[in-house]
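Given next are the chains, with one letter for each unit.
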Amino acid sequence: MIAARAMGDALRVALNDDNRVILLGEDLIDPYGGAFKVTRGLSTDFPLRVRSTPISEGAIVGVSAGLALSGYRPIVEIMFGDFLTLCFDQIVNHIAKYEAMYNGKVTCPVIIRTPSGGGRGYGPTHSQSLEKHFVGVPHLRVVAGSLVHDPACILGAILAQDSPALLIEHKLLYPLHMMLPAGGRIEGFIADEHVSADGLSTISIRPVPREDCWFTVLAYGYQAELARRVLSRLAVEEEIFGELVVPSQIAPLDWEPIDASVSTTRSLLVIEEGVDGFTWGSEVAARVSSRFFGELRRPVATAASDPTVIPSSKTLEAAMLMTSERVEQAIRKVAV
Amino acid sequence: MRPVLVPTSDVNSETGLLLAWHAGDRSKVDAGETIAEIETSKAIIDVPAPESGFILRAASEGAELRLAEPIARLFVDIDELERYSEQEQRRRAEVAEIGPRATEPARRRAAELGVDLASIAEEALITVGMVEAAAATTTAAVDLPDPLPGVAAVPRIALFGAGLGANQVIDILQRARSGTAVAVADDDPSRWAGEVMGVPVVGGFERFVALFGEGAYDAAIIAIASVSARAKLRDALEANGIPLANAIDPTTRIGAGVTFGTGNIVCAFCHFGVETVVGDNNFLSAYNSYDHHNKLGSDMATGPACTTSGLVMLGDRVRLGTGIHVEPRVEIGDDVQVASGSVIVASVPAGHAVKRRAVTTVVVPRRHDPGPQSMLISRTR
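These lines cover the structure that appears in this document, whether it is placed above or below. (Residues numbered from 1 in each chain as written. Chains lettered and ligands numbered in written order. Predicted model: local features only at pLDDT ≥ 70, side-chain atom pairs only at ≥ 80, totals over all residues. Heavy atoms only, no water.)

## Here's the deal with the overall build of chain A
When helices and strands are tallied, chain A shows 11 helices and 14 strands. Here the analysis covers contacts within chain A between residues at least 6 apart in sequence; of these, 76% occur between residues at least 24 apart. For chain A, the accessible surface area stands at approximately 13400 Å², while carbon and sulfur atoms represent 56% of it. (Helix = DSSP H or I, 4+ residues; strand = E, 2+ residues; numbered from the N terminus. Contact = heavy atoms within 4.5 Å. Areas by Shrake-Rupley, 256 points an atom, 1.4 Å probe, with all protein chains shown as cover.)

Right under this line is the structure:
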């Protein structure tokens, strides 16, 4: 099943299981069914609880904050992750703060879903990965969908909490087939699942036992899939063995599975699609360097897109974004 | 569909490194157009398109590939290419369903060693190490031979590498009498317990180190032509405190003031002009001539008939092909690779390659010779 469909099914389960769940967003309802068709069919089956809204991200998210304070479980779709800037104030100054401001007497469990990322030639304002601006916000959970995490589990875990969450879904993942671990394996490779106290999991994938892996690669979302493919090919064709660690929650991070891998491989590469400089990867690098000072075999490596505006030309875009080739180059550097 | 093979007769290399693609995947190329560059142990080879068509890449830049396998496929039209590509993807998807059972290097190694992959009980990916361990358990049943005792007062030499390089080194030692080859070791367990020119293959690197500890030999020589292997092994031997010895053919003409480091292999009819300084661990083939005041680095390998003028400097890990001439005062930097037949007139910075258009020899019957004896003329273009 493709990722867009799996996410749609997860939303359907949420709507079915919990009457408090309400879906809001631009052009969600049928026949359009959302810009990436994730919500297709849902407004037909749940006409009162799946609603298209006017074009105002601040308003949509503000309304959701009110709904959440009143006991509903709003799930908002922001059509493109780039538009998160339009609801930044609602998220940072209101939704993430209410519970603390009212000393725990209220909760504001808004879930904001948004497609992110480039690679489609959509230009400077429809291609970004802006999650790095949200990963340091206190009391805000930032979660990233991937092919190896079941969206129903992710959504179920977030809904089980009473806190707000931003759910990043890379748009290039939507048409790809899910690749969930089965019997401890993904495509024949060993796949471990580590579930945090909040029920969100980190999947570790390795071709051979961890002791025989020389390095760890940490990545989420679409970059995790690019890294998985490269690592799989390098393992089979060249016996270059690295372990891929894919967290579903990228902030705050569950360090346990990362530490477990790095303490054995003693080498880490962090990959993300957001632009380089003051990144998720640099935070991980700082934390891991501090935790494993003296044990690492080389400095923690990071790879991110060039720190510039994303061009509309696909050729120029491919030259500055993290691509499969750049993922491979970054991996080869730590694989020596 | 036509496979694109690397045009090489380089018998020393089974694999090459794909340095760069010059033609885009699925792009149209003309016959003869250079589509890729491959680095082998001897040269950098330009790969031309054998005919016009659309190209489907079969390897990515930086990949180590087997020279016997196609690096790309050419199609008359783009539709044919897409059909092939789709089929290939379906086939891979089917393999992906169950996942690969063994790595590609492990499959090749199993074929070399005659190991049946089905005999290895492993749930995860089977690696070269597992294949070799499986082969070793069968090989270990045969007792590994001991080194030869050697001759009194002559240094006992052990060689690492039981390939064709070992024959050359043993031949040199037998003539030069500067040492006696008493043992050969090799990473390949299938060679263990065999012999090279009467010298037993005693095992792999571990045994090589152990035997030195037991005092079974006095010094080692690395009998492998690959410069990366030479450099790596030299480090490994040094780490274990094993000294290297030179093997210099007695036909070598050595001028006044010439100095040699250790671990050098100098084949027949070489010449070192006055005051030339030779580093360590070089494998210099026959008919190499380094004129006066040359300076050679370490871990180099050369083909036959390389000649330099005076005051030439060669860096570490330099690889020279066959039949190369170097002008005076030229400096060739570290890790430089020079294609066979080059004439080098200017210095080459470190890490660069000297390429040369391929010289093809065309063999044709003589047109105007009615005589009974068919004669062959070779001509170059």
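Moving on from the coordinates now.
## A word on the overall build of chain B
Of the regular secondary structure elements, chain B holds six helices and 33 strands. Across the 381 residues that make up chain B, the buried fraction comes to 42%. As presented, chain B carries roughly 19000 Å² of accessible surface, and 52% of it is formed by carbon and sulfur atoms. (Buried < 20%, exposed > 50% of the residue type's maximum accessible area, 1.4 Å probe, protein only.)

## As for unusual backbone geometry
Going from A:D30 to A:P31, the amide bond is cis rather than trans, its omega being 5 degrees. Locating A:P31 in the fold gives a position in the loop between β1 (21-25) and α2 (42-45). Omega for the bond connecting A:A251 with A:P252 falls within 30 degrees of zero, at -15 degrees, which places this linkage in the cis form. Within the element layout of this structure, A:P252 appears in the loop between β12 (249-251) and α8 (255-265). One non-glycine residue, B:A193, lies in the positive phi region at around 70 degrees. Tracing the sequence through the fold places B:A193 in the loop between β10 (180-185) and β11 (195-196).

## Some points on the pairing of strand β2 (residues 15-21) of chain B
Residues and elements named next belong to chain B. Bridge analysis of β2 against strand β7 (residues 64-66) gives three bridges, and the strand direction is antiparallel. Residue pairing for β7: L17 is matched across the bridge by E64. Bridge count between β2 and strand β4 (residues 34-39): four bridges; the pairing is antiparallel. If you follow A20 over to β4, its bridge partner there is E37. (Pairing = 2+ DSSP bridges.)

## Things to note about the pattern of salt bridges
Residues and elements named next belong to chain A. Applying the stated criterion across every chain, the model contains 34 salt bridges over all chains. Here R332 makes a salt bridge to E328, at a shortest N to O gap of 3.0 Å. Of this pair, R332 and E328 both sit in helix α11 (residues 324-334), separated by four residues, roughly a single helical turn. Overlapping salt bridges, with partners in common, bring together E187, E225, R228 and R229 in one network. (Salt bridge = Lys/Arg side-chain N within 4 Å of Asp/Glu carboxyl O.)

## Overview of the nonpolar core
Nonpolar side chains in soluble globular proteins generally cluster together in the buried interior. Residues and elements named next belong to chain A. Ranked by size, the top nonpolar core spans 73 residues in total, and within it L23, I112, L155, V284 and V288 carry the most contacts. The leading source of residues in this core is helix α1 (residues 3-17), at six residues. In contact with V288, other than residues within four places in its own chain, are W255, I258, V262, L268, F293, L296 and V300. Counting 41 residues, the second-largest nonpolar core is a separate cluster that includes I186, V217, A224 and V236. (Core = buried A, V, L, I, M, F, W, Y, C linked by side-chain atoms within 4.5 Å.)

## Let's talk about the interface of chain A and chain B
Each partner contributes residues to the interface: chain A has 16 residues there, and chain B has 21 residues. At the boundary of chain A with chain B, total buried surface from both sides reaches about 1200 Å², with 57% on carbon and sulfur atoms. When the area that chain A buries against chain B is broken down by residue, the three leading residues are A:E187, A:V236 and A:E239, summing to 39%. At the junction of chain A and chain B, the tally comes to four residue pairs in polar contact (both at pLDDT 80 or more). The set of elements that each furnish at least two residues to the side of chain A that touches chain B consists of β8 (189-195), α7 (221-238) and α11 of chain A. Of the residues forming the side of chain A that touches chain B, the biggest block, five residues, is contributed by α7(A). Split by residue class, the side of chain A that touches chain B holds seven nonpolar, one polar and eight charged. (Buried area = accessible area lost by both parts, 1.4 Å probe. Polar contact = N/O pair within 3.5 Å; in protein donor to acceptor, adjacent residues only side chain to side chain. Nonpolar A, V, L, I, M, F, W, Y, C, P; charged D, E, K, R; others polar.)

## With respect to the sheet that holds strand β24 (residues 306-308) of chain B
Residue and element names in this part refer to chain B. Taking strand neighbours across the sheet as the criterion, the six strands line up as β15-β18-β21-β24-β27-β30 in an open arrangement whose pairing is parallel. If you trace the sheet from one side to the other, it starts and ends with β15 (253-254) and β30 (343-344), each paired once. Examined bridge by bridge, β15 and strand β18 (residues 271-272) share two bridges and lie parallel to one another. Residue pairing across strands places R253 opposite H271, the latter belonging to β18.

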